[in-house]
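# Per-entry structural report
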Amino acid sequence: MTRPVELRHEAPAPTPQPLLAVEDLRVSFGTDVGPVTVVDGVTFSIQPGETLALVGESGSGKSVTAMAIIGLLRHSNGRITGGSVRFDGRELTTLPEKQLRTMRGSSISMIFQEPRRSLDPAFSVGSQIAEVAARHLDLSRRDARRRAIEMLDRVGIPAAAQRFGDYPHEFSGGMCQRVMLAMALVANPRLLIADEPTTALDVTVQARVLRLLGDLQQEMGLSILLITHDLGVVAETCDRVAVMYAGQIVEEAAAETLLRSPRHPYSEGLLASLPQFLDPGQRLVAISGSVPIPGSWPQGCRFHPRCDYAVDACREAIPELALKVDGHHDRCFRADELSLPGVS
Amino acid sequence: MTALLEAQDLVKSFGGTGRRRADRSPQVVKGVSISVAKGEILGIVGETGAGKSTVGRMLIRLIEPDQGTVRFLGEDLASMDRHELRRFRARARMIFQDPFSSLDPMMAIGNSVAESLLLHTDLSSEKRQERVEDLLERVGLNARYYARHPHEFSGGQLQRVAVARAIATNPDLVVCDEPVAALDMSIRAQVINLLLSLQSELGMAYVFISHDLSLVGHIAHRTAVMYRGAIVEQGQTEQVFKDPQHPYTRELLNSVPLLDAQLRAARSSSRPESARVPAPPDEGTGCSYVGRCPLALPLCTQQVPQMRTSHGAEVACHLYPSNKTATS
């Protein structure tokens, strides 16, 4: 039995192919004053079974990036103006709508912040899940129904068979998010894009839904792109994290690494501004200024007007997102000389 | 400490027109007693539907309680006449979550701030304008923004306007209902710092309502934890956060996502099996938390626990021996 093992060792280690590879993605939206760039050269990849967090504030372009990946921009006035999105080696940006529709749900699924708004109030939750199952798994009505009940059970809905016919308004917010998860995962997708999936939920419900998401990921070998603004959620659930600011990724690293030793002043500022338990009356460390809106991004490094460490070079050119230390990308001219504090 | 505001046994129900329970309007607040001292920051935490905002609004008589009393410096709000109530309104103010909907979109922000001066003071119009410009500067805005309208501002800037409006009349108390929940991460700390520095300069008391435990842990002197319409625990913030007594307080604190890997590892052993859906709330006669409580006793399903003192905090839980003086 040792032989095949040895043979495998002799072969050159294959570089794992990422499940999703986004490269230099650019998205702009048509406005009254002409096209405005919202996503400006975003590059990242996700390995099978991995969870990547995309962190940023409103207007950073994180949700638009997700919409572009899954091809939902075609229904807005947004347009992919450059770059590529490869899923399992297959280019998605040029894929005809019909093929893309087949992929959505069966290969890539998405859940949103407001589960109730993503469910149709006029149909029972069971029938909505069964519809997805029937379409993508080519099941009969009866089998689709069985599969939907199985899925409801799997996401922890008690008495799943009885609740099959209930309508979205009969579920609480947390339960609706579980229903959404059941629908998103019923056709065994390989990538789940979760856009602020627990932001609208209470903290105890959030803890349960995140735990469930982790369990399902393990069972199904899912890759997850988690879009969030909550660094605590990142710390609890993600393998890697990419921080977005003004349409660009400014830092990317393993979650633990980035939280402990951030290399971009924006990431550092975000971490420092979080209130710590039991520090009553202490001023928080605030980032000055406000998030620039798309279309009025500053020259040079987009964070420089708010950055305590900015020097002349930062006002003149945009730093590249570069790999400078092991597995840690940053977009800052001064990252090497600054030694920024993270979570202790 | 003198009580600035004291509420006793507040009860409130809404509606009763729901299709399913036409005959029964559920109580949103079930007997809340709470007090705020001068210059104190009182945090109220709890989840959606716990009744935090309803309590906050009853404290300044934006809604009338069905039962119970609120006293401001000893005076019962319910017995105030129109003039007294107006004077009270100048001294007890409110900041809401969403400044886009709490400010009139058609009104220049300077005028929004000036409005409360117009109502509550007899300043001349020049003096009013001066005072508004002063207030705008004080909350970190440019006095030249006076004539601008809400749509010209970001959420963080507008919340500063709302703060200026709240403090315009030199109030004794400001009820802040999720004042930073709608703001971006990098803006929250700015607004919190503004609230903290104004509080230490002007000596106001805040009732700070939030679902964000870390934030309340950071700024409140005392904290009250609400669950399904009742306060289940209250005490000094440090006491409540470091040594929580009520099982619900523990669950809440255990649910907060933690940045620190060591803290996370330390508590993962004490965490309940979280993927499970908790049992639906029991509408019976006992403790409202009994269905979710890992430590429930038979007594918990039969009797609503009264407030008692344990480890320096007030806690409504049968796990602790009751004492008669706790609620006085």
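Computed from a prediction, not measured in an experiment: that's the story for all the values here.

### Digging into the overall build of chain A
The helix and strand inventory of chain A stands at 13 helices and 12 strands. Scaling as 2.2 N^0.38, a compact globule of 344 residues should have a C-alpha radius of gyration of about 20 Å, and chain A matches this with 22 Å. In terms of overall dimensions, chain A has C-alpha extents of about 65 × 60 × 50 Å along its principal axes. Taken over 344 residues, chain A has a buried fraction of 47%. Sequence separation of at least 24 residues holds for 64% of the intrachain contacts in chain A that already meet a minimum separation of 6.

### With respect to the overall build of chain B
Each helix and strand counted, chain B has 11 helices and 12 strands in total. Here chain B, with 328 residues, has 45% of them falling under the buried criterion. By sequence separation, contacts in chain B at least 24 residues apart represent 63% of the contacts at least 6 residues apart.

### Overview of the interface of chain A and chain B
Across the boundary between the two partners, chain A contributes 41 residues, which contact 41 residues of chain B. For the side of chain A that touches chain B, the secondary structure elements donating two or more residues are α9 (203-220), α10 (231-237), α11 (255-260) and α12 (265-273) of chain A. It is α9(A) that contributes the most residues to the side of chain A that touches chain B, 8 residues altogether.

### Thoughts on the pairing of strand β2 (residues 34-46) of chain A
Residues in a regular strand project their side chains so that they alternate between the two faces of the sheet. In this structure, strand β1 (residues 20-31) of chain A lies alongside β2(A), joined through 10 bridges in antiparallel fashion. Looking across to β2(A), one finds that G30(A) is bridged to P35(A).

### Details of the sheet that holds strand β4 (residues 67-72) of chain B
All names here are of chain B. As summarised here, the arrangement of the 4 strands in space is β2-β1-β4-β5, forming an open sheet in which the pairing is antiparallel. Each of the sheet's edge strands pairs with one partner strand only, and the pair in question is β2 (27-37) and β5 (75-76). Relative to β4, strand β1 (residues 3-13) runs antiparallel, the two being bridged by 5 bridges. Paired with E6 across the two strands is R71, which belongs to β4. Most of the contacts of helix α1 (residues 52-59) go to β1, to which it runs at about 125°, and overall it touches β1, β2 and β4.

### Here we look at α1(B)
Residues and elements named next belong to chain B. In terms of burial, α1 is largely enclosed, as 7 of its 8 residues are buried. When we look at burial in α1, the residues that qualify are K52, S53, T54, V55, G56, M58 and L59. One or two residues past the end of α1 sits R61, with phi positive at roughly 55°.

### Here we look at the sheet that holds strand β9 (residues 222-227) of chain B
Strand pairing within a sheet occurs via backbone hydrogen bonds; the two strands may be parallel or antiparallel. Residues and elements named next belong to chain B. With mixed pairing, 8 strands are arranged side by side in an open sheet as β6-β7-β8-β3-β9-β10-β12-β11. Looking at which strands have only one partner, the edges of the open sheet turn out to be β6 (92-95) and β11 (308-310). Averaged over all adjacent pairs, the angle separating strand axes in this sheet is 20°, with direction ignored. Bridge count for β9 against strand β10 (residues 230-236) is 6 bridges, and the pairing is antiparallel.

### Considerations on the environment of S112(B)
Considering the arrangement of structural elements, one finds S112(B) in helix α4 (residues 109-120). If we skip the residues at most four places from it in the chain, S112(B) touches L103(B), D104(B), M107(B), V161(B) and R165(B).

### Quick look at the domain arrangement of chain B
In many reports, interface size means the accessible area that the parts give up when they come together. Residue and element names in this part refer to chain B. Along its sequence, chain B is carved into domain 1 (3-242) and domain 2 (249-328). Contacts between domain 1 and domain 2 engage 16 residues on the former and 15 residues on the latter. With 7 residues, the single largest contributor to the side of domain 1 that touches domain 2 is β10. Residue classes in the side of domain 1 that touches domain 2 are distributed as 8 nonpolar, 6 polar and 2 charged.

### Some points on the environment of Q113(A)
Residues and elements named next belong to chain A. Position of Q113 among the secondary structure elements: in the loop between β6 (108-111) and α4 (115-118). A residue is classified by how many C-beta atoms lie within 10 Å of it, and Q113, with 18 of them, is partly exposed. Along the chain, Q113 and S223 lie 110 residues apart, while their C-alpha atoms are 19 Å from each other. Leaving out residues up to four positions away in the same chain, Q113 has contacts with D195, E196, P197, T199 and A200.

The rules behind these values
- Residues numbered from 1 in each chain as written.
- Chains lettered and ligands numbered in written order.
- Predicted model: local features only at pLDDT ≥ 70, side-chain atom pairs only at ≥ 80, totals over all residues.
- Helix = DSSP H or I, 4+ residues; strand = E, 2+ residues; numbered from the N terminus.
- Rg over C-alpha atoms; globule rule 2.2 N^0.38 Å.
- Buried ≥ 20, exposed ≤ 12 C-beta atoms within 10 Å, placed from the backbone.
- Contact = placed C-beta atoms within 7 Å.
- Pairing = 2+ DSSP bridges.
- Axes fitted to C-alpha atoms, helices over the stretch in contact; angles between N-to-C directions.
- Domains from an automatic or database assignment.
- Nonpolar A, V, L, I, M, F, W, Y, C, P; charged D, E, K, R; others polar.

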